[in-house]
Amino acid sequence: MTTTATPAGSSATEGVRPAAHTDPTLRRVRGVVGWVVLLVLGGIVLALVAGSPAPQDYLHPDGTGQRGTGALVEVLRDRGIDVDVAETAGEVLDAGGDRPGSTVVVGNTEMLTTAAARRMLERTRDADRVVFLDGAPDVLGDLGLGLGITYAPVDADIPRCSLPWVRPDDRVSRVTWSIVADGPSLPQGATGCYPLEVPDDVPQSERPPSGYAVVDLPAGSTHAPVTVVGFPDAATNRFVVESEHAGLVVRLLGASPHLVWYHPTAADVTENPPTGEEAEAVWPAWTTTAAVVVSLAFVVFAVARGRRLGRLVPEPLPVVVRATETTEDRARMYRSAADRSRAAAVLRRATATRLATRLGLTRGAPTDDVARAAAAATGLDAAAVDLLLRGAAPADEAALVTLAQQLTSLEEKVSTP
Amino acid sequence: MVPTTRAAALVLLGVVPVVLRPAESTVWAWIGVVVVLCALDALLAASPTALAITREGDDQVRLGESARTHLVVENTGRRTLRGLVRDAWPPSAGSRPGSHRLTVPPGERRRVTTVLSPTRRGDRLADRVTARTVGPLRLLARQRSVEVPGRVRVLHPFPARKHLPSRLAMLRQIDGRAAVRTRGQGTEFDSLRDYVEGDDVRSIDWRATARRRALVVRTWQPEQHRRILVVLDTGRTSAGRVGDAPRLDAAMDAALLLTALAGHARDRVQVVAGDRTVRARISGADRATLLHDAISRLAPVDPRLVETDWGVLAGEVARSTQRSLVVLLSPLEPAAVEEGLIPVLPSLVAHHRVVLASVADPAIDAMSRSRDGSAEVWDAAAAERTRSLRDAAAEALGRVGVDVLDAPPDELPVRLADHYLALKRQGLL
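This one's a predicted model, so the numbers in the text were calculated from it and none came from an experiment. (Residues numbered from 1 in each chain as written. Chains lettered and ligands numbered in written order. Predicted model: local features only at pLDDT ≥ 70, side-chain atom pairs only at ≥ 80, totals over all residues. Heavy atoms only, no water.)

**Q** What exactly am I supposed to notice about the layout of surface pockets here?
**A** To find leftover empty space, one rolls a probe the size of a water molecule over the atoms. Estimates place the volume of the largest pocket at around 1100 Å³. Surrounding the largest pocket, 43 residues form its lining, Ala350, Thr353 and Arg354 of chain A together with Arg387 and Asp391 of chain B being those nearest its centre. Looking at the lining of the largest pocket, the elements that each hand over two or more residues are α11 (340-358), α12 (367-378) and α14 (397-415) of chain A together with α11 (362-369), α12 (374-400) and β22 (403-407) of chain B. Among the elements that line the lining of the largest pocket, the one with the most residues is α11 of chain A, at twelve residues. For the lining of the largest pocket, the per-class residue count stands at 18 nonpolar, eight polar and 17 charged. (1 Å grid on protein atoms, 1.4 Å probe; cavity = no way out; pocket = protein on both sides within 12 Å on 5 of 7 lines; lining within 4 Å. Points joined across faces, edges and corners; volume = space filled by probe spheres on them. Helix = DSSP H or I, 4+ residues; strand = E, 2+ residues; numbered from the N terminus. Nonpolar A, V, L, I, M, F, W, Y, C, P; charged D, E, K, R; others polar.)

Structure below.
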């Protein structure tokens, strides 16, 4: 692992080459990279095996929950209609939503910006039909279709209109929006179905303008035929089987052989940011250029301050070792081993040696002689002094502390009689 | 070539035209203005190569005091020099100020002074001198570094020198030059002179008195021209810090006091410092400059983390066969003493008088005395153990025939000097 296999015969002439691959840092980096690659690959495999969970969005074409429209899409696919899902206005075009024989249906419009809707409408001029399935309440008024929208949670009775996909006895029970004219009347050529009747008990002053649950516009110069639907719930998995909903939406969306289901997401908002006349008004026109100047000045400042006035001066420093270090470590060792008998013996011997010197005995005098002499000098009980200097090892730390303090006080008594 | 902060401010001033006419071209135009001004300024700035810098000033300083080193900056160019000059020194040289602002008209010279307040003993070498010149607008600076050699030797502060007068007085007492005269072993005959009242009658030389018909006394002086060899151990055990300084510094203090004292006593002093090799050797041939030599030569000696080779140092002692006083300044570390020192001692003791002076650590005594809580008692036990090991080592040395002095840093010089005086008084040199 640490040797390089050199070709036989060449090693003698080339000598020892620096073994770059044994550099420990490089080896460690390699190890880390290997693990990261393994983790990423494992994650990818897991993601492929597990798949992504079914989306929970309202009117999502793959949604299998109560709010999704998976059932409707399945029915359409069973009938031989090619259904593509697009998440941005660009993808609508990529999926072929701008060609004849295609119907574009806009499902959930929570993430639909006016810019994206306009762009989509303009580009899909050649499509068979554009359907706003949930009425597009946020953007409908800004699209220049001459239509408006109001909230109207009522039932619709009979269509009272003649459109190819509407049958006279199709009833709708889940209307959410009332599509109204953006002027005195609907645009020319527009067809309104399911006129919504306002109940008689609503006071005259609060009566909303009379509208329709469906408005169908013919193709214009800037857009394909547009159908705005005010009963999105009718397409959901939960309510599609109610009343005559199923037939109605299947006929509406299944008119062309190709259906592009446009479900705008956050990516669509990023691609088509809200056109901001207001946004620009917040910042003065010189903001960008001034920011450029300020950052330039900052760079110059950094360069000016970053240049040292001469190089750094190195200095060999002396070693710093405290002379007490070995003693402190010895204390730590005694303590961690809880060696009370040794500590007590050391303290006793030190005291005995000092007392012997103090009392005029030889340095190596026996401890019982020292104890006797100390007792005589201080007037203390000889047995007690002897026990202090020669007794058993202390039983616990508190006893050791007491012993140490008693030894100190004995020395003090001997030296100050 | 480097912009100044003033150039950055000039760039920032570009915000004004940009606000008045917000367009990309305004930014480019402003950059153009700045670049042209900077280029003009750089052209008008004095070249940093047109400088002649020389150094003068102190070359040594005692630790704790300040030295001055001067740079004489001569402008040899034709444009006025404006800018900064930095005299770079290592951090422990404590140089102030960090840089000097100066203006030198063409053909003139200016002197800038850097004050050095070193924080450590040893040699400090000056690093490069850097000059940064700016133009009249101070927008662009040109910079260049040149070597201007300089060295300041930071000497040992020798705090024990305050004890020198009192020890010299004691020396004079022995010497016979003072009123009280002592006589006995360790003194040698000096001269005969007339008796004056107060002289010890025992010192009257009757034979000379008979010849001269007047009372004549003999005067005595202590032994002179004895060889004193001070050996400083610079090995690992001397690196340990006692208080805020390594043991070696305290040992040097003692060595210097002894050197000064013995020099006055007309003894021949030699100082050797070393660990595995000899790091400094002061022969003491010239008594007048002995102390100065010792201080100066010992200044750059630092302790090293190596085991001292006493064989090498004993070889230094054996260079002369004359009986000497050998003072070993080495910490009393039981293991180092037993392994390294004791084996070489018998041959030394046979020919010389050997004294071992060791720097004791007052912190050990403090540790052994403090017994308030359990942690302190463990410390006290460890400190007592250390002390008993040191005592055992000292005893072992004493058995070989070595005098052992073990004292805290501030006491050791005095103890060693007193021991020397005692030996001298007893004629044991």
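Having seen it, we continue.
**Q** I'm lost on the pairing of strand β4 (residues 67-75) of chain B in this one. Help?
**A** On any regular strand, side chains alternate: one points to one face of the sheet, the next to the other face. All names here are of chain B. Counting buried residues in β4 gives seven out of nine residues, a clear majority hidden from the surface. The sheet contact formed by strand β2 (residues 51-57) and β4 spans seven bridges and is antiparallel. Looking at the pairing, Arg55 lines up with Leu71 of β4. Note: β4 against strand β8 (residues 109-116), eight bridges, orientation antiparallel. Across the sheet, residue Arg68 finds its bridge partner in β8, namely Val115. (Buried < 20%, exposed > 50% of the residue type's maximum accessible area, 1.4 Å probe, protein only. Pairing = 2+ DSSP bridges.)

**Q** I tried to follow empty space enclosed by the protein on my own but got confused; where do I start?
**A** All names here are of chain B. Applying the stated criterion across every chain, the model contains four cavities of 30 Å³ or more. Of the volumes computed, that of the largest cavity is approximately 70 Å³. Asp233, Arg236, Thr237, Glu307, Thr308, Trp310, Ser330, Pro331, Ala336, Val337 and Gly340 are the residues that line the largest cavity. Of the residues forming the lining of the largest cavity, the biggest block, three residues, is contributed by helix α9 (residues 334-341). When grouped by side-chain class, the residues that make up the lining of the largest cavity number four nonpolar, four polar and three charged.

**Q** Explain the interface of chain B and chain A to me, please; I cannot follow it from the model alone.
**A** Where interface size is quoted, it is often the accessible area lost as the parts come together. Listed as interface residues are 64 residues of chain B and, on the opposing side, 55 residues of chain A. Between chain B and chain A the total buried area reaches about 4900 Å² when both faces are included, carbon and sulfur atoms providing 66% of it. For chain B, the biggest contributors to the area lost against chain A are Arg241, Arg371 and Trp378 of chain B; these three give 17% of the whole. On the surface where chain B and chain A come into contact, there are five salt bridges. Across the pair Glu384 of chain B and Arg354 of chain A runs a salt bridge, and its minimum N-O distance is 2.8 Å. Across the contact surface, chain B and chain A share 20 residue pairs in polar contact (both at pLDDT 80 or more). Considering each element in turn, the side of chain B that touches chain A owes the most residues, 16 residues, to α12 of chain B. Partitioning the side of chain B that touches chain A into residue classes produces 33 nonpolar, twelve polar and 19 charged. Bridge analysis of strand β10 (residues 321-322) of chain A against strand β16 (residues 240-242) of chain B gives two bridges, and the strand direction is parallel. For Arg322 of chain A, the partnering residue across the bridge sits in β16 of chain B and is Arg241 of chain B. (Contact = heavy atoms within 4.5 Å. Buried area = accessible area lost by both parts, 1.4 Å probe. Salt bridge = Lys/Arg side-chain N within 4 Å of Asp/Glu carboxyl O. Polar contact = N/O pair within 3.5 Å; in protein donor to acceptor, adjacent residues only side chain to side chain.)

**Q** Can you walk me through the sheet that holds β8 of chain B in this structure?
**A** Hydrogen bonds between backbone atoms are what pair the strands of a sheet, whose relative direction is either parallel or antiparallel. One open sheet holds the four strands; their spatial order is β2-β4-β8-β6 (chain B), and the pairing between them is antiparallel. The open sheet has two edge strands, β2 and β6 (95-96) of chain B, and neither has a second partner.

**Q** Please explain the side chain of Arg241 of chain B as it appears in this structure.
**A** Among the secondary structure elements, Arg241 of chain B is positioned in strand β16. Discounting residues that sit within four places of it in the chain, Arg241 of chain B has contacts with Pro318, Val319, Val320, Val321, Arg322 and Ala323 of chain A together with Pro246 and Asp361 of chain B.

**Q** Sorry if this is basic, but what is going on with the environment of Ala314 of chain B here?
**A** All names here are of chain B. Mapped onto the elements of the fold, Ala314 is located in helix α8 (residues 310-317). In sequence terms Ala314 and Leu341 are 27 residues apart; their C-alpha atoms lie 9.3 Å from each other. In this view, Ala314 contacts Val344 and Leu348; residues no more than four positions away in its chain are not counted.

Note that all results are geometric; they support no functional claim without further evidence.
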